[in-house]
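Residues per chain, in single letters:
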Amino acid sequence: MSATTPAGARSRGRGERGPAASLALHATLLAASAVAVFPVLWIVFISFGPDNAWQQPGQVLHHLGLANYRFVLLHSSFPRWMLNSVIVAGATMVIGVLIAASAGYAISRMRFPGHRPLMWTFLVTQMFPVAVLIVPLYNLMGRLDLLDTYLGLVLVYCTIAVPFCAWMLKGYFDTIPREIDEAGRVDGLTPFGTFWWLILPLARPGLAVTAFYTFLTAWGEVAYSSQFMSGAHYTLAAGLPTFAGSERANWGAMTAGSVVIAVPAALVFLLVQRHLVTGLTAGGTKG
Amino acid sequence: MTTATAERAPRPARTPGRASGLLPSIRRAWNKHWYAWAMVAPVVIVIGVLVLYPLGYGAYLSLTNATELNSAKNIGPVHIPATYHFVGLHNYWQIISGRDGDFYPRLEWTVVWTVCCVAVTYSLGLGMAMLLNRPMRFRLFYRLALILPWAVPAFVGVFAWRLMFNSQYGVFNDLVTAVGLPAQDWLGTPFAQKVAVIIVNVWCGVPFMMVATLGGLQAIPTELYEAAEMDGASPLQRFTNVTVPGLRPVTTTVVLLSTVWTFNMFPIIFLLLGNNTTGDTDILVTFAYQKAFSGVSDYSGAAAYGIVILLILVAFSTFYRRRAAAEQS
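Note that the coordinates shown come from a computational prediction; the quantities given were computed from them, not determined experimentally.

Caption draft 1: Quick look at the overall build of chain A. A count of helical and extended segments in chain A gives 13 helices and 0 strands. In chain A, the proportion of contacts linking residues at least 24 apart, taken out of those at least 6 apart, comes to 71%. Roughly 12,000 Å² of accessible area belongs to chain A as shown, and the carbon and sulfur atoms make up 67% of that amount.

In structure tokens form, the structure reads like this:
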């Protein structure tokens, strides 16, 4: 019931609204949606214009075309960066979710020395100022010969995504009844077997959300990627700004590139968002 | 139960002190717990090597006077060894005593920025979640539209805002001049820049809040609302007496996470303003980054800033979780 419902509306049942309240509700939501969507649509709109379209948005409608996309996809290193991003983000996703799930399960089901400090460490790693870890990490990566390699970047991204994912998955595992584990044990499965054969399949929605979260973290990360990788190994986020940095800034290419990057991420995101609600609440709140 | 209550008295001790000496007790612990340890080992190793080691190294640097000039480097074939040395707490003293002239202004703005962002983001997120949490037409459409800023990578969203804010060609000025008002320099003055970064950060952050609180709202049993209504509670009373307490577990976690993230929010300020800033909009993190990477890199100063930021956050979250746990019991 909305707060604007007048007292006389008592005869209406719960959840029903007067026309005025309905109108206000829809108007508010429409306005909010417009604010949320507009910047994204704006970039899409500009990207279909000529490459200086952002200076004359009014002209875009008269010069609609795919010139920016043609440049980005055929005449630049963009596809190469895209491949790098897919490799890095995909690997981060697989490795990150596997180790986060196994740690999350252990924390959810087993009481062991180090249990509490570990949970605390997960929280503390969220507090590390990324900008300050870069220098020591750079040195370390250099010493391990991992600079400018996919593996190095994947490992760095794992440290960003895994603590949050382990925390979320722990919450998710907590919602799965312990009786299932016990049944597995009675049937002679090892704890890891129980985890692998019984719990993981049940936790699929939670895994989907964490997988996606991990992927997106790696897909959009800028700072590490641009410091650690060079030329041929640039990921999208590191490569894209080079369109604007060259002698002649090509903002048109940048808008088209942004759209190409955002569309797949946004589509998958919108598909899994239903699980996101359950996943996040379970992870965030159940202890 | 919340994560806050699950570990009622979190202590930053990394290793439980029971590994001291006695071999048999270690063996017993090993036999009992090796399985759990094996399952968390990958995470512990990755975090240990890639987070704790750099942290330790950073802590060490913060006690020296290392800069770009006196660090080890290779010029051509010649290797120049590092000449920096240990200076104790000098860097920290510079920061805490306010002698470097930057810490307190930056801290003040960081706090203002964090409080504004978290408060506005949370209120808007909660408001949107409450609107969405009722039966209506087009609900899925609204939900998808409102979640979109989270779905696009942050740097893309920031780039869109940057185009729109542009003083010469931005869409905001087109709108303003179309109404007949003079064009504004949206990112011109430090104050305008501060407002702009807050707006963009709120835009990026609301969907997360909305999704999290929506989940929390849906977990509150409808019977509670019905009972409150039977007792004649007004909508406002229902909000304060049913919704707010019912949301508390979610709120506690989400506000803590979002405070920490906002305090350390690097990309938005850095990407929205680029180099067109006077430094007034720098929060502690971006300031430390500038220290480490612009001009003559001041590694030790940046590292000291990093440790100070970390200590502030650890102190805050310890205090916050204690209070949250106390409130709940």
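Picking up after the structure, the text goes on.
Caption draft 2: Examining the packing of helix α10 (residues 235–263) of chain B against helix α13 (residues 299–328) of chain B more closely. Residue and element names in this part refer to chain B. Packing of α10 against α13 brings their axes to within 11 Å, and their N-to-C directions diverge by 170°. With respect to α13, the axis of α10 lies roughly antiparallel. Between α10, through Arg248, Pro249, Thr251, Thr252, Val255, Leu256, Thr259, Val260 and Phe263, and α13, the contact on the second element is made entirely by Ile309, Ile312, Leu313, Phe316, Ser317, Tyr320, Arg321, Ala324, Glu327 and Gln328. A per-class count over the contact of α10 with α13 returns 11 nonpolar, 5 polar and 3 charged.

Caption draft 3: Layout of the side chain of Thr194 of chain A. Looking at where Thr194 of chain A falls in the secondary structure, it is placed in helix α8 (residues 191–202). In this structure Thr194 of chain A comes out as buried when scored by relative accessible area, which is 1%.

Caption draft 4: Quick look at the UniProt feature "transmembrane region" (unreviewed entry) in chain A. Residue and element names in this part refer to chain A. Sequence positions flagged by UniProt for "transmembrane region" (unreviewed entry) are, in local numbering, residues 20–45, 81–106, 118–138, 150–173, 194–216 and 251–272. Span residues 150–173 is 100% helix and 0% strand, its end C-alpha atoms 31 Å apart. When the span residues 194–216 is considered, its composition is 96% helix and 0% strand, and the gap between its end C-alpha atoms is 29 Å.

Caption draft 5: Representation of the UniProt feature "transmembrane region" (unreviewed entry) in chain B within the structure. Residue and element names in this part refer to chain B. The positions UniProt marks with the feature "transmembrane region" (unreviewed entry) are residues 34–55, 111–132, 144–164, 195–217, 254–274 and 302–320. For the annotated span residues 144–164, helix accounts for 90% and strand for 0% of the residues, and the straight-line distance between the end C-alpha atoms is 23 Å. Helix makes up 100% of residues 302–320 and strand 0%, whereas the separation of the span's terminal C-alpha atoms amounts to 27 Å.

Caption draft 6: Inspection of the packing of helix α3 (residues 78–109) of chain A against α8 of chain A at higher detail. Residues and elements named next belong to chain A. Closest axis-to-axis distance for the α3/α8 pair is 11 Å, and the angle between their directions is 110°. Relative to α8, the element α3 lies roughly perpendicular. Note on element contacts: α8 touches α3 through Pro191, Thr194, Phe195, Trp196, Ile199 and Leu200, opposite Leu98, Ala101, Ser102, Tyr105 and Arg109.

Caption draft 7: Main features of the packing of aromatic side chains. Across all of its chains, the model carries 29 aromatic pairs over all chains by this definition. Measuring from centroid to centroid gives 4.9 Å for Phe103 of chain B and Tyr104 of chain B, while their planes differ by 75°, and the two rings are edge-to-face. By the ring-pair criterion, three or more aromatic residues cluster together here, those being Tyr105, Phe173, Phe192, Phe195 and Trp196 of chain A. Lys194 of chain B extends its terminal NZ or CZ atom over the ring of Trp109 of chain B, reaching a point 4.8 Å from the ring centre.

What counts and how
Residues numbered from 1 in each chain as written. Chains lettered and ligands numbered in written order. Predicted model: local features only at pLDDT ≥ 70, side-chain atom pairs only at ≥ 80, totals over all residues. Heavy atoms only, no water. Helix = DSSP H or I, 4+ residues; strand = E, 2+ residues; numbered from the N terminus. Contact = heavy atoms within 4.5 Å. Areas by Shrake-Rupley, 256 points an atom, 1.4 Å probe, with all protein chains shown as cover. Axes fitted to C-alpha atoms, helices over the stretch in contact; angles between N-to-C directions. Parallel < 35°, antiparallel > 145°, perpendicular 65-115°, else oblique. Nonpolar A, V, L, I, M, F, W, Y, C, P; charged D, E, K, R; others polar. Buried < 20%, exposed > 50% of the residue type's maximum accessible area, 1.4 Å probe, protein only. UniProt positions renumbered as here; feature names shortened; annotations may be inferred. Phe/Tyr/Trp six-rings, centres within 6.5 Å; stacked < 30°, edge-to-face > 60°. Lys NZ or Arg CZ within 6 Å of the ring centre and 35° of its normal.

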